[in-house]
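Reading the structure
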Amino acid sequence: MSSPTSPTSQQPPPAPKSPPPASILSTPLAKTYATIHPFLLLTLLAIRFNALVSSPVDTLLRDLLPLAALQLAYVVICLPPAGTIDPGTTAESTTTTPTPTDEKEKEKKSSSSSAGGIVLRPGKRGYRRKAHGASSGARGAIMAKVAASLLSLALTTLLATPVLAVCLVLFGAPLTTHHLETVLCAAHMALLAATGLVYVYGVDGAAWKEVWGVLRPADAVWGAALGTCVGAWFGAVPIPLDWDRPWQAYPITILIGAYIGYFVGSFVGRSSCVFGKRIVIDANEGENKDE
Amino acid sequence: MESSLDSANLTGMDSSSPIASQSPPAQLDSRNAPIPKALAAMQSKTRQRGTIQDSLTNGLEREFKFKHLGLLGVLGWLLLLHVAGIFFFTKGFLLTRMVLENKSSCEVLPFDDPSHLGVGGENNGCWHQKTFDKAIVIIIDALRYDFTVPVAPNEASDMAHLYHNNIPVLYETAVNSPDKAFLLPFIADPPTTTLQRLKGLTTGTLPTFIDAGSNFAGTAIDEDNLVAQLRAAGKNLVQLGDDTWQALFPGYFDANLTRPFDSFNVWDLHTVDNGVNEHLFPLLHPQNLTRWDVIFGHYLGVDHAGHRYGPNHPAMGAKLKQMDEVIRDLIAKVDDDTLLVVMGDHGMDSKGDHGGESDDEVNAALWMYSKKGVFGRTNPETVLPPNSARDRFVPQIDLVPTLSLLLGMPIPFNNLGSPIEEAFAGAGGKDWNNLVAVNRLTSAQIKRYQHEYAKSRGAGDGQEFQSLGLLENAEDGWHTLSKSSKAKSAALHSVYESYRQYQRHTLDICRGLWAKFDVPSMFQGIGILFAAIVLLVFYARGLRTNRTELTNSLLCSVGIGSGLGGATGLCLSFANVVDMQALESLALLAAVGSIIGGSWSIFKPVGRLVLPLPDSLWGWLAVLFTVSQSIGFASNSYTIWEDEILLFFLTTFGVVSGVSSMRQKSTADRVLGAYHSILFILLGRIASFSRLCREEQMPFCRSTYYSSATSSTSAPWQLAIPFILTLMLPGVVRSFYAGSKSYEGAASLWIGIGFRLGLFVTSFFWLLEGADDGEWLPLSKETLKMVRVFLAQLVLALAFAAGTTAFIYSKPCVSVNVTPASSEPDSRSTPAQQPGRTTVTILGFGNVHGTRFFLLAVNFCLGIVLMQKPMGQGAIGLLLWQILSLLEILDTNRLVMSNSAIGPIVLALLGSFHFFKTGHQAVLSSIQWETSFIPLSTVKYPWSPILVVLNTFGPQILTTVAVPLTVLWKRPLQLQGQSKSTTGKPSNPAIALLSDVVQAACTYMLYFATVNLATTMWAGHLRRHLMLYRIFSPRFMMGAAVLGVVDIVLVFVAVAGVRFSTLSVGEIFGW
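The structure displayed is predicted, hence computed values, not measured ones.

A word on the overall build of chain A. Looking only at helices and strands, chain A features 10 helices and 0 strands. For chain A, the N- to C-terminal ordering of α and β elements is α-α-α-α-α-α-α-α-α-α. Per-residue burial over chain A gives 47% buried out of 291 residues. Here the analysis covers contacts within chain A between residues at least 6 apart in sequence; of these, 80% occur between residues at least 24 apart.

Turning next to the overall build of chain B. Helix and strand counts for chain B stand at 36 helices and 12 strands. The buried share of chain B, taken over its 1071 residues, is 51%. For chain B, the proportion of contacts with a sequence separation of at least 24, taken over those separated by at least 6, is 76%.

Here the focus is the UniProt feature "transmembrane region" (unreviewed entry) in chain A. Residue and element names in this part refer to chain A. According to UniProt, the "transmembrane region" (unreviewed entry) feature falls on residues 35–53, 146–173, 179–201, 221–241 and 247–268. Taken end to end, residues 179–201 has its terminal C-alpha atoms 30 Å apart, with 100% of it in helix and 0% in strand. Regarding residues 221–241, the helix share stands at 71% and the strand share at 0%, and the terminal C-alpha atoms are separated by 33 Å.

Turning to the confidence of the model for chain A, a few remarks are in order. In low-pLDDT regions, the fine details of the predicted coordinates are not to be read closely. For chain A, per-residue confidence averages 76 on the pLDDT scale, and residues scoring 70 or more make up 73% of the total. Confidence over residues 87–135 of chain A falls short of pLDDT 50; this stretch has 71 contacts with residues more than four positions distant or in other chains.

Residues and elements named next belong to chain B. For chain B, the mean per-residue pLDDT works out to 83, and 87% of the residues sit at or above 70. Of all the helices and strands in chain B, helix α1 (residues 2–14) carries the lowest mean pLDDT, 30, while helix α33 (residues 954–961) carries the highest, 96. Counted against residues more than four places away or in other chains, residues 979–985, with its pLDDT under 50, gives 6 contacts. With pTM at 0.74, the complex prediction returns an ipTM value of 0.81.

Here we take up the sheet that holds strand β3 (residues 181–187) of chain B. Residue and element names in this part refer to chain B. Overall, mixed pairing links the 8 strands, which are arranged β6-β5-β7-β2-β8-β9-β3-β10 in an open sheet. For this open sheet the edge positions go to β6 (259–261) and β10 (394–395), each flanked by a neighbour on one side alone. Note that strand β8 (residues 338–343) and strand β9 (residues 363–369) share 4 bridges and pair antiparallel. Bridging from a neighbouring strand, V341 pairs with M368 of β9.

Once that is clear, we can look at the packing of helix α31 (residues 902–917) of chain B against helix α35 (residues 989–1021) of chain B. All names here are of chain B. Interaxial distance between α31 and α35 falls to 8 Å at its minimum, and their mutual angle equals 45°. Relative to α35, the element α31 is oriented oblique. Read as a crossing pair, α31 and α35 show a hand that is right-handed. Where α31 abuts α35, its residues G903, P904, I905, L907 and A908 lie against A1000, T1003, Y1004, Y1007 and F1008. Counted by class, the contact of α31 with α35 contains 8 nonpolar, 2 polar and no charged residues.

Working note: non-glycine residues mostly have negative phi, and peptide bonds are mostly trans. Cis geometry marks the peptide bond from Y250 of chain A to P251 of chain A, where omega comes out at 0°. Examined against the element boundaries, P251 of chain A turns out to sit in the loop between α9 (220–235) and α10 (252–270). A cis amide bond links Y941 of chain B to the next residue, P942 of chain B, at an omega of 0°. For P942 of chain B, the position within the fold is in the loop between α31 and α32 (943–952). Even without being glycine, K741 of chain B reaches a positive phi, approximately 55°. Summarising the element assignment, K741 of chain B is placed in the loop between α26 (720–739) and α27 (746–774).

With that settled, consider the environment of A908 of chain B. Residue and element names in this part refer to chain B. Turning to its location among the elements, A908 is positioned in helix α31. C-alpha separation for the pair A908 and W127, spaced 781 residues apart in sequence, amounts to 61 Å. Setting aside anything within four residues of it in sequence, one finds A908 in contact with T959, Y1004, Y1007 and F1008.

Interfaces are often described in size by the accessible area the parts lose on coming together. All names here are of chain B. For chain B, the assigned domains read domain 1 (131–208 + 232–414) and domain 2 (431–514). Relative to domain 2, the C-alpha centre of domain 1 lies at a distance of 29 Å. The partner domain 2 presents 8 residues to the 7 residues of domain 1 that form the contact. When grouped by side-chain class, the residues that make up the side of domain 1 that touches domain 2 number 5 nonpolar, 2 polar and no charged.

All right, on to the pairing of strand β7 (residues 294–299) of chain B then. All names here are of chain B. The buried count for β7 comes to 6 of 6 residues, which makes it a mostly enclosed element. Where strand β5 (residues 237–242) meets β7, 5 bridges bridge the pair, whose relative direction is parallel. When the bridges of β7 are listed, V238 appears paired with I295.

Right, let's talk about helix α1 (residues 28–54) of chain A for a bit. All names here are of chain A. Between the first and last C-alpha of α1 there are 40 Å, a value that for 27 residues agrees with the 39 Å anticipated at 1.5 Å per step. The largest bend in α1 amounts to roughly 55° and is located at R48. Turning to α1, the residues buried within the fold contact α2 (56–78), α9 and α10.

Residue and element names in this part refer to chain B. Core analysis: the biggest nonpolar cluster contains 259 residues, and L536, A1001 and M1005 have the highest contact counts within it. Looking at this core element by element, the count peaks at 20 residues for α35. What L536 contacts, discounting residues up to four positions off in sequence, is L78, C1002, M1005, L1006 and A1009.

A word on the environment of Q629 of chain B. All names here are of chain B. Among the secondary structure elements, Q629 is positioned in helix α22 (residues 617–632). Given 21 C-beta atoms within a 10 Å radius, Q629 is considered buried. C-alpha of Q629 to C-alpha of Q664: the two residues are 35 residues apart in sequence and 30 Å apart in space. When residues no more than four places from it in sequence are discounted, the contact partners of Q629 are I645 and V1011.

On to the packing of helix α20 (residues 547–574) of chain B against helix α21 (residues 582–603) of chain B. Axis angle and axis distance: for two packed helices, these are the angle between their axes and the distance between the axes, and together they describe the pair. All names here are of chain B. Close contact between α20 and α21 brings their axes to 6 Å; oriented N to C, the two are set at 150°. Between α20 and α21, the angle is such that the two are roughly antiparallel. The interaxial crossing formed by α20 with α21 has right-handed handedness. Each residue belonging to the contact of α20 with α21 can be placed in one class, and the counts come to 17 nonpolar, 15 polar and no charged.

By the element assignment, I686 of chain B lies in helix α25 (residues 667–687). In this structure, the C-alpha to C-alpha distance between I686 of chain B and T338 of chain B, residues 348 residues apart in sequence, is 63 Å.

Rules used in this analysis
- Residues numbered from 1 in each chain as written.
- Chains lettered and ligands numbered in written order.
- Predicted model: local features only at pLDDT ≥ 70, side-chain atom pairs only at ≥ 80, totals over all residues.
- Helix = DSSP H or I, 4+ residues; strand = E, 2+ residues; numbered from the N terminus.
- Buried ≥ 20, exposed ≤ 12 C-beta atoms within 10 Å, placed from the backbone.
- Contact = placed C-beta atoms within 7 Å.
- UniProt positions renumbered as here; feature names shortened; annotations may be inferred.
- pLDDT = per-residue confidence, 0-100.
- Pairing = 2+ DSSP bridges.
- Axes fitted to C-alpha atoms, helices over the stretch in contact; angles between N-to-C directions.
- Parallel < 35°, antiparallel > 145°, perpendicular 65-115°, else oblique.
- Left-handed = near helix turned anticlockwise from the far one by under 90°.
- Nonpolar A, V, L, I, M, F, W, Y, C, P; charged D, E, K, R; others polar.
- Domains from an automatic or database assignment.
- Expected span 1.5 Å × (residues − 1).
- Bend = angle between axes of the 7 residues up to and from the residue.
- Core = buried A, V, L, I, M, F, W, Y, C linked by C-beta atoms within 7 Å.

Quick look at the structure:
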């Protein structure tokens, strides 16, 4: 359920080689926090639920910063920044990757050093540093993380939020009223879905082309992003019901759906039975819609 | 048969049918081009090879025509199955009662009996000696019976609630002076809404869903009723309070004294009540007594307190206390000749709401009071008012004969109620003569009504009413009594009882007729519809082979099955084994027989069927859309918000198609697919701004369809929409044609000139309509109407007469260029070309089927646009654009040739969505009846109903016409020569095309059939639901009507049209 609103901006590179699925970093801290983080988000939602129901705009606005902080912490601690996805650093995961993606990973391995066709790749430097000298590796990695996290925050705010807001309106959110609700809901969804994606893939055209085509191999980041969108889709279901509950007001259910979708998606995307697989729309074998 | 032989001879000589052999050269001459080798080669080849090739072509064409007819037969069978299913369900579900226009009159007694003594001078009353001259009828809305009787705190476990013991005046007076007052439970017939209750309380008959009378749309009561009778007797009537009375009885009340108040503001507990008090009490002043005869006062405070707070709230107690005061004041002020009636029109449930038929909702209270002291009890046990509403209750319709006879009026013609015993028993309770007299009158009137009703239904006299025997008994008793000079009270009592028995028996029968669902019939209907869907699912999605191969055996077994079934039905009916009319039992068993025959033919051969499960995300999406919506119809919310849900689904499809487009290998497909996906979503969202809200959507919806929420005319700015359409829509269609270089031949003429002209005349029509409404032109209304009718008929003639002719006879939208040397290697050309010498370039070759067939959609679009209000025209324009966009999406995502279910299903969603965007809702009141006068000045059958259908279901009709396009758009042209199979039997690509078309048509039908089955089942299941009449029943009726319209258009227009477009393509390109 990703946004198709700016697909034409993605000029396909001559020979696009998309990055392999990203795994959680292998440090113990990363592994632990990656498990805790989705629970933290759900807890945040549960704690703030009453406030959200009573005054959605205020609560959403106030929760924006904590959410951004949590998401940044998550990506910095747990995920490899853009350009560093390298079979070497994610060796553990590559071995567990199911066979269909293995060949692509190999292609990637061979081409990653010569992937200069892509102009801007934040974190590239870090990757090079790491590749060249281990002495400055730690510093480079930090720089890469800072750059990637700044980039992800900027793109999430500047691009993903408007795109998602437009999507919300296209799906039937009011156009003339509830502007703040729409924008804030989109901002929350963007923080959930896009922060990780931008952090891990930067502005890698091939990766984003796969994002627009919902073709990414499953991993924690992509699962969470897709889960957010699908969850928000299902979140719209209870709105019309005449139960007269205050939480049925737009956009509360959509947000709850998005958070739950994020939670489910991030775990399912990481699970070994799904990791690395792609969603099939129109082929003989594919039936599953997502996850 | 003869004609086909003729054409065979002709083609034998000319190599093609006459039209084809003449027109292409003419066309080519005008272009100054040499004879196209493709065609010439074909011609010469066929001439040389003589009859072999020729008869082959001819055979292929004949095979196509024959198989096409067969498929129409299959679709027609499905149509008949749907009709039968809907008929049997409707027969059991939609309770109808005919409204008789007959009026009782003072001069005509219900029986011809000169001995009747009731008729005296004009001052004594009509049919019966009157008791009162004047009456004050006070309705305390939602006055439940238990509010009025004392509830002792120590009584059992039941604690006294806040609503108890607050209005004791009614009980006190009834106990203290039984001759002056009585209090009884007063049982309402559901639905317990005020409007339906007032109908019952004044006409004396039972409410049904459709009171099939002359005045279908309006709310005014047009059958005989108490108010009309009072008015006819020259009484001056005053109405105070709830303005529902004004809607029901427009013009009956004294305009100077009447004070209606808005009844819908349930948050306001006091405005109506204070307003009634303010105007009621001055009328009771002695100097005002001559100004009125009957006052109807309608208090709403109790009802509103219930809605707002629920009954167990101090506000309710306070409100009831206030009513107590009001009644005490009335008692003090009322004079001897005035009857005072206080009643509730319904009760309220534990939450304070009403509308359904639970005990608390139907239990109201009735209290009558007069200072004359004429009331009595026939039995000492009944002196006290009953403690609970279950004892000695009277139906609400009993008020009608009671009031009529007390005031000396004729009983309204349709009345089924009985005179209330206490009101006629006399002070001592021994006036049996009076009781017998009033009951004899009432019974005679009921009999007269029975007779008239049976007569106008066309049934035998009193066939339904086996109660006439009871009446004869009573009459016999009466005559024996009247012969003996002095009647004994015991004998009178028994005669009275037999009259009562007759009345109640008749009432029970009528209740059975009008208020009982015929569940077996409903199940028969659902069964047929369900079986039809199962067959349709397997026929549309589960067959692996070509559908045309099945046609013969299917039609045969269906024919045999229905014939056998029908014959069995007739026999059973004549043998009186089943209790059904002959025709119904014939239809039922014929349907069942054809289902059995059809299943035998579809399921018998093994290996041909696969489980009809989707094989891609597209298929699952189609299932998700259809099934989730169908389940949603069980909920009133999802039914109310159907328009938003459809938008949600359409946008979902657009997003998925955008995603899928991004996966395409070729850049052109990717860009085009993404562009059209975004366009599709945007157009849908723009269309969604055209809204006509239904009542239940308030306050979350704002109507934009008309100039304001309370008008049904277009705003001046909306008159620009048709002109914008004129400017843009032909260009839009052209751009889609130009994409495949198909804007050639008939297309440029018909779309560029004919379509545009029609749209222009349409916009001019609506400009004149606006000018008429706004009186901008110094022309008389008659002149304007005449001009408008002419313009509208012109457009219809252009769309349907000229358009159909053009569609049937025009050539495919291609142009042929012949170049001496081969220039473009990638330009596709016909296979019959001779190698080396010349190249024949045929522009528009890539979409020859689609563009040719789309002309039909253009015709219907024009006709439907004319029938819509300006805002709806915009919606139809967007719909046409979305259809084209959808077709491109299907093409770029390779869904045209893969027979995916998603194309037809999304088309169905589009049609349903735009139904709501053309100013309609799934409620009866949104039908735009006035549109039938667009091309007509008077109502003309059958045209007027067809025009209303064209307006109401225009979007669905347009998408139905477009269904074959989901497999024709940019379908590669396959010729028999190309796909020549190795076996001797030639494979005919036109037959494959036919099979695909019918698959798409059946898939499309499947959506509407599923929705229809779902709404039918939910309406049947929820037949006791509070919202049945407001939400579920109208949605069921809409679903059934849409299915019927869609089936008919599919059979007679969409799939039938494929014949002409394919023949036209075949004539040029061969078979």
